[in-house]
Amino acid sequence: MVVKVYGPDYANPKRVLVCLIEKEIEFETVHVDGFKGEHKQPEYLKLQPFGLLPVVQDGDYTLYESRAILRYYAEKYKNQGTDLLGKTMEERGLVEQWLEVEAHNYYPPIFNLVMNILVSPLLGLPSDPKVIQESEEKLGKVLDIYEERLSKTKYLAGDFFSLADLIVVMEFDI
Amino acid sequence: MATGTVKVYGPPMSTAVSRVLACLHEKDIPFQLIPINMSKGEHKKPDFLKIQPFGQVPAFQDEDISLFESRAICRYVCEKYGEKGNRELYGTNPLAKASIDQWLEAEGQSFNPPSSTLVFQLAFAPRMKIKQDEGAIKQSQEKLAKVLHVYDKRLGESRFLAGDEFSLADLSHLPNTHYLVAATDAAPLFTSSPNVSRWWNEISSRPSWEKVVELQRTA
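Rules of the game
- Residues numbered from 1 in each chain as written.
- Chains lettered and ligands numbered in written order.
- Predicted model: local features only at pLDDT ≥ 70, side-chain atom pairs only at ≥ 80, totals over all residues.
- Heavy atoms only, no water.
- Core = buried A, V, L, I, M, F, W, Y, C linked by side-chain atoms within 4.5 Å.
- Buried < 20%, exposed > 50% of the residue type's maximum accessible area, 1.4 Å probe, protein only.
- Helix = DSSP H or I, 4+ residues; strand = E, 2+ residues; numbered from the N terminus.
- Contact = heavy atoms within 4.5 Å.
- Pairing = 2+ DSSP bridges.
- Right-handed = clockwise from strand over helix to strand, strands pointing away.
- Axes fitted to C-alpha atoms, helices over the stretch in contact; angles between N-to-C directions.
- Left-handed = near helix turned anticlockwise from the far one by under 90°.
- Nonpolar A, V, L, I, M, F, W, Y, C, P; charged D, E, K, R; others polar.
- Buried area = accessible area lost by both parts, 1.4 Å probe.
- Phe/Tyr/Trp six-rings, centres within 6.5 Å; stacked < 30°, edge-to-face > 60°.
- Lys NZ or Arg CZ within 6 Å of the ring centre and 35° of its normal.
- Expected span 1.5 Å × (residues − 1).
- Polar contact = N/O pair within 3.5 Å; in protein donor to acceptor, adjacent residues only side chain to side chain.

Take the nonpolar core next. Considering soluble globular proteins, one finds that nonpolar side chains tend to be buried as a cluster. Core analysis: the largest hydrophobic core is formed by 70 residues, its most contacted members being Phe60, Trp103, Tyr151 and Leu168 of chain B. Broken down by element, this core gets its largest block of residues, ten residues, from helix H4 (residues 94-124) of chain B. The residues contacting Tyr151 of chain B, other than those within four sequence positions of it, are Phe50 of chain A together with Trp103, Ala106, Glu107, Phe111, Leu161, His173 and Val196 of chain B. Grouped together as the second largest cluster of nonpolar side chains are 24 residues, Val16, Val56, Tyr73 and Phe160 of chain A included.

This is the structure we're talking about:
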């Protein structure tokens, strides 16, 4: 049974694709066009009631929120492909810590910058220069802390590559 | 493994700190709460920044580890002390755990931003004599109403968010919702929604949460 990943192949869906590749899990993509509002249509909302991207279907099982999807496959296939969760409970704890840092400190300003600089012009919507400036400042401070951390360890959670690093691989190839 | 070594740093009034305390109570883990006076800027001092470089609360220490980010701390506590207290809190099989993670992420990504803004604007800004931002309040109320609409449908089909058992996903909602229902006029967003209201009454009356509320009251 092949895992189906719904969404475009950039942004949050991309993290899921990269994770599945690292874990050597077969998948197929089902394109959902965010610009055409396909993620707000009733058929899609049956799978993801918040109208967000991505969602995966694995046989009868449906799962959404990219970070939950990453955790599930990284754990289910722990012994296959790249190990993404560290070797001990304590290493896993640090992976979780930096995953949460990404969710609450890194992603929000990046999301604002992408929406205001890349997406709004494409949709013919106005950008908010105040939001851009505030987001740049916030992101700058976060990246200072990442810089400090990465001067001490090879990767974010330690000297091992993990979900915490994979999660920041998110491009908007629009 | 040694217990009695868990330390949590931060004020119990903080929503993120109280999230961790609720989890520790659910797991029956004794802990030491070390207060951090944020109005005196203790969370931005060099000694604290060593254990939490973003200058946020809480920070957590156990015999083998120093951690921050409340939801990461909760997950770690559930993994490390799996056999203690509420064993179902983070699921007992991979699919249950994935469902809990899904709703924990929904909380963190969709529920937390607008509810945190409302907690600050409606419960804390007046106390701190900070001018309220009416635009932010309106926008957050609209966003939160949409999220709670999805929750109400879900909670009409399922007793708790991730399934039939109380989990970390429900627990994670306790801190913000408590303030909004107990101390602000955003309460009707929750109380007028039949399934959300039923769920809130059930999760907020758990002894673990009542202990946290009592600590907040007496701190």
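For the rest of this paragraph, the subject is the pairing of strand E2 (residues 31-34) of chain B. Taken residue by residue, a regular strand's side chains alternate between the two faces of the sheet. Residue and element names in this part refer to chain B. In the sheet, strand E1 (residues 6-9) pairs with E2 via four bridges, with the strands oriented parallel. For Val8, the partnering residue across the bridge sits in E2 and is Leu33. Following the chain from E1 across helix H1 (residues 15-26) to the adjacent parallel E2, one finds a crossover that is right-handed.

Okay, helix H1 (residues 12-22) of chain A next. All names here are of chain A. Judged by how many residues are buried, H1 sits mostly within the fold: eight of eleven residues are covered. Among the structural elements, strand E1 (3-6), strand E2 (27-30), strand E3 (55-58), helix H3 (66-76), helix H4 (89-123) and helix H6 (163-166) are those in contact with the buried residues of H1. Within two residues after H1, Glu24 carries a phi angle of roughly 55 degrees, on the positive side.

Moving on to the packing of H4 of chain B against helix H5 (residues 134-157) of chain B. Residues and elements named next belong to chain B. H5 packs onto H4 with a crossing angle of 145 degrees between their chain directions and a minimal axis gap of 9 Å. Read as a crossing pair, H4 and H5 show a hand that is left-handed. Here Trp103, Ala106, Glu107, Ser110, Phe111, Pro114, Ser115, Thr117, Leu118, Gln121 and Leu122 of H4 lie close against H5, whose contacting residues are Ala136, Ile137, Ser140, Gln141, Lys143, Leu144, Val147, Leu148, Tyr151 and Arg154. Per-class residue counts for the contact of H4 with H5 are twelve nonpolar, six polar and three charged.

Next up on the list: the interface of chain A and chain B. At the interface, 30 residues of chain A touch 33 residues of chain B. In total, chain A and chain B occlude about 2,700 Å² of area from one another, counting both sides; carbon and sulfur atoms represent 64% of this. Among the residues chain A hides against chain B, the three largest losses belong to Phe50, Glu90 and Gln97 of chain A. Together they make up 21% of the total. Counting residues per element, the ones that place at least two in the side of chain A that touches chain B are strand E4 (61-64), H3, H4 and helix H5 (129-150) of chain A. Per element, the largest residue contribution to the side of chain A that touches chain B is 14 residues, and it comes from H4 of chain A. A per-class count over the side of chain A that touches chain B returns 17 nonpolar, five polar and eight charged.

So, on to the packing of aromatic side chains. In the structure shown here, the tally under the stated rule is 21 aromatic pairs over all chains. Ring geometry for Phe50 of chain A versus Trp103 of chain B: centroids 5.8 Å apart, planes at 65 degrees, classification edge-to-face. One end of the pair, Phe50 of chain A, is in the loop between helix H2 (42-47) and E3; the other, Trp103 of chain B, is in helix H4, on a second chain. With relative accessibility at 12%, the residue Phe50 of chain A sits in the buried group. Chaining the aromatic ring pairs together yields one cluster made of Phe50 and Tyr64 of chain A together with Trp103, Phe111, Tyr151, Phe190 and Trp199 of chain B. One Lys or Arg, Arg67 of chain A, reaches over the ring of Tyr107 of chain A and ends 5.1 Å from the middle of that ring. The aromatic ring of Phe124 of chain B is capped on one face by Arg127 of chain B, whose charged end is 5.0 Å from the ring centroid.

What follows is about H5 of chain B. All names here are of chain B. With 24 residues, H5 ought to run about 34 Å at 1.5 Å a step, and its terminal C-alpha atoms sit 35 Å apart, in line with that. All of the buried residues in H5 are Ala136, Ile137, Ser140, Leu144, Val147, Leu148, Val150, Tyr151, Asp152 and Leu155. Those residues of H5 hidden inside the fold are in contact with H4, helix H7 (174-183), helix H8 (188-191) and helix H9 (194-204). Its side-chain oxygen placed 3.1 Å from the backbone nitrogen of Gly135, Asp133 serves as the N-cap of H5.

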